[in-house]
Amino acid sequence: MADDDPYRSPFHYDLEYADYDDDVPWYVDLARRAGGPVLELGCGTGRLTLPMAQAGATVHGVDASADMLTGLEAKLRGQPDAVRWRVRHERRDFRTIEGPARYPLVLLPFNTIHHCRDTADVKDVFGAIRRVLLPGGTFAMDCYLPWPELYARDPDQRYGERTWIDSRSGVPIDSWEQSSWDPVAQIHHVTYVYVPRGGQPHEVHLNLRMFYPQELRAAIAEAGWTIRHEAGDFRGKPLAPDATKLVLLLSP
Ligand SMILES: C[S@@+](CC[C@H](N)C(=O)[O-])C[C@H]1O[C@@H](n2cnc3c(N)ncnc32)[C@H](O)[C@@H]1O
């Protein structure tokens, strides 16, 4: 990934998502029942990789960010041998993964598809996944749905102000987010700002390509996938106009 890698600080990533685990039981359950190695695209610092490996699954993680993988390695060092041995990771752009087909389960979890800039990118990823998936295998993913309430925000205003405590130093870190919406490119530009008291700010800039459900369904069909399960959350809530998430199980 380039110098402007938004994921260059695994510390801030883990701080932001320390309390988010809505998706963990769903992915762990799929991984436990996979019957073979699980490929996780965009594994990051292992928020999902570790619980899957702890539940007995063999997980191969792919991520483009060297820093996120360094964060994963640090967490793996604290794990028992049996868990550590079940995790392999590789620094790679997931659009370029290649066969042979050897995975019964491939995951593109936690909104990672929003890093695809256009439908051509999505086509590359969906095609790459088909090449490595075993016959009869499953591709599972989740993403945000377009969220008009967020796009109506004032780009100059701070939202979600809160204070974290740095567990290493005890220093409070003030944080907030700002965002703007480009309705033509369908990109939600989000900046997270973290300011440790008495220290230098750290900014994370994310450009998240949002997909309308009909657009994604068309890309799924074009790439030769069948939707086996489609829900508005990880508990199987039907996809309704108030949904903010899209959770999918696909078969080739
Ligand atoms: C939202 S994070 C998800 C991390 C982790 N799966 C989790 O659930 O916390 C997205 C991850 O995808 C990675 N990523 C983004 N684009 C990528 C690409 N083209 N190839 C490989 N990894 C990519 C980022 O580096 C980041 O670690």
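Residues numbered from 1 in each chain as written. Predicted model: local features only at pLDDT ≥ 70, side-chain atom pairs only at ≥ 80, totals over all residues.

> Quick question: what am I supposed to make of the site of the ligand here?
Neighbouring residues of the ligand: 20 residues in total, closest G42, G44, R47, S65 and F110. Of the residues belonging to the shell around the ligand, the class tally is ten nonpolar, six polar and four charged. (Near = placed C-beta within 6 Å. Nonpolar A, V, L, I, M, F, W, Y, C, P; charged D, E, K, R; others polar.)

> What am I meant to see in the packing of helix α1 (residues 10–17) against helix α4 (residues 66–77) here?
A packed helix pair is summarised by two numbers, namely the angle formed by the two axes and the spacing between the axes. α4 packs onto α1 with a crossing angle of 70 degrees between their chain directions and a minimal axis gap of 9 Å. One finds that α1 runs roughly perpendicular with respect to α4. On α4, the residues that touch P10, Y13 and D14 of α1 are D67, M68, T70 and G71. Counted by class, the contact of α1 with α4 contains three nonpolar, two polar and two charged residues. (Axes fitted to C-alpha atoms, helices over the stretch in contact; angles between N-to-C directions. Helix = DSSP H or I, 4+ residues; strand = E, 2+ residues; numbered from the N terminus. Parallel < 35°, antiparallel > 145°, perpendicular 65-115°, else oblique. Contact = placed C-beta atoms within 7 Å.)

> I would appreciate a short explanation of the environment of Y151 in the present structure.
Turning to its location among the elements, Y151 is positioned in helix α7 (residues 148–151). For Y151, a count of 14 C-beta atoms within 10 Å corresponds to the partly exposed category. Sequence separation of Y151 and T45 is 106 residues, and the distance between their C-alpha atoms is 29 Å. Once residues within four sequence positions are removed from consideration, Y151 is found in contact with W181 and H188. (Buried ≥ 20, exposed ≤ 12 C-beta atoms within 10 Å, placed from the backbone.)

> Before we go on, may I ask you to explain the nonpolar core in this structure?
Nonpolar side chains tend toward joint burial in soluble globular proteins. Judged by nonpolar contacts, the single largest core of 48 residues is most densely connected at V38, V106 and L107. Residue contacts for V106: discarding those within four places in its chain leaves L39, L41, I129, V132, L133 and F139. (Core = buried A, V, L, I, M, F, W, Y, C linked by C-beta atoms within 7 Å.)

> Can you help me understand the domain arrangement of the protein chain in this one?
One widely used convention gives an interface's size as the accessible area the parts lose upon coming together. Domain annotation for the protein chain reports domain 1 (2–144 + 212–251) and domain 2 (148–209). Placing a centre on the C-alpha atoms of domain 1 and another on those of domain 2 gives a separation of 24 Å. Facing eight residues of domain 1, the contacting portion of domain 2 comprises nine residues. Partitioning the side of domain 1 that touches domain 2 into residue classes produces three nonpolar, three polar and two charged. (Domains from an automatic or database assignment.)

> What exactly am I supposed to notice about the sheet that holds strand β9 (residues 202–209) here?
Sheet strands pair via backbone hydrogen bonds, and the direction of the pair is either parallel or antiparallel. With antiparallel pairing, four strands are arranged side by side in an open sheet as β6-β7-β8-β9. Of all strands in the sheet, those bounded by a partner on one side alone are β6 (159–165) and β9. Sheet twist, expressed as the average angle between the axes of neighbouring strands with direction ignored, equals 20 degrees. With eight bridges joining them, strand β8 (residues 187–196) and β9 adopt antiparallel strand pairing. From the neighbouring strand, I187 faces β9, where its bridge partner is R209. (Pairing = 2+ DSSP bridges.)

> Where do I start with the sheet that holds strand β4 (residues 103–108) in this structure?
Overall, mixed pairing links the seven strands, which are arranged β3-β2-β1-β4-β5-β11-β10 in an open sheet. Single-partner strands in this sheet number two, and they are β3 (87–91) and β10 (226–231). The average angle at which neighbouring strand axes cross in this sheet is 20 degrees, direction not considered. Sheet topology places strand β2 (residues 59–63) next to β3; five bridges connect them, and they run parallel. Bridging across to β3, V62 finds its partner in E90. Contacting β2 and β3, α4 runs over the sheet at an angle of about 160 degrees to β3.

> Could you clarify how one ought to interpret the environment of S180 in this entry?
By the element assignment, S180 lies in strand β7 (residues 172–182). Judged by the 14 C-beta atoms lying within 10 Å of it, S180 falls in the partly exposed class. Note: C-alpha distance between S180 and P155 (25 residues apart in sequence) is 5.2 Å. What S180 contacts, discounting residues up to four positions off in sequence, is P155 and H189.

> Just to check I follow, could you spell out the environment of D93 for this structure?
With respect to the secondary-structure elements, D93 resides in the loop between β3 and β4. For the pair D93 and D63, spaced 30 residues apart in sequence, the C-alpha to C-alpha distance is 6.6 Å.

> Just checking my understanding: could you explain the pairing of β7 for this structure?
Along any regular strand, the residues point their side chains to alternate faces of the sheet. Where β6 lies against β7, five bridges are found, and the strand directions are antiparallel. Looking at the pairing, W164 lines up with I173 of β7. Between β6 and β7, which pair antiparallel and follow one another directly, the connecting turn spans six residues, one of which, G170, has a positive phi of 80 degrees. Two strands pair when backbone bridges link them, and β7 and β8 are joined in this way by ten bridges, in the antiparallel orientation. Bridge pairing links S180 to H189 in β8.

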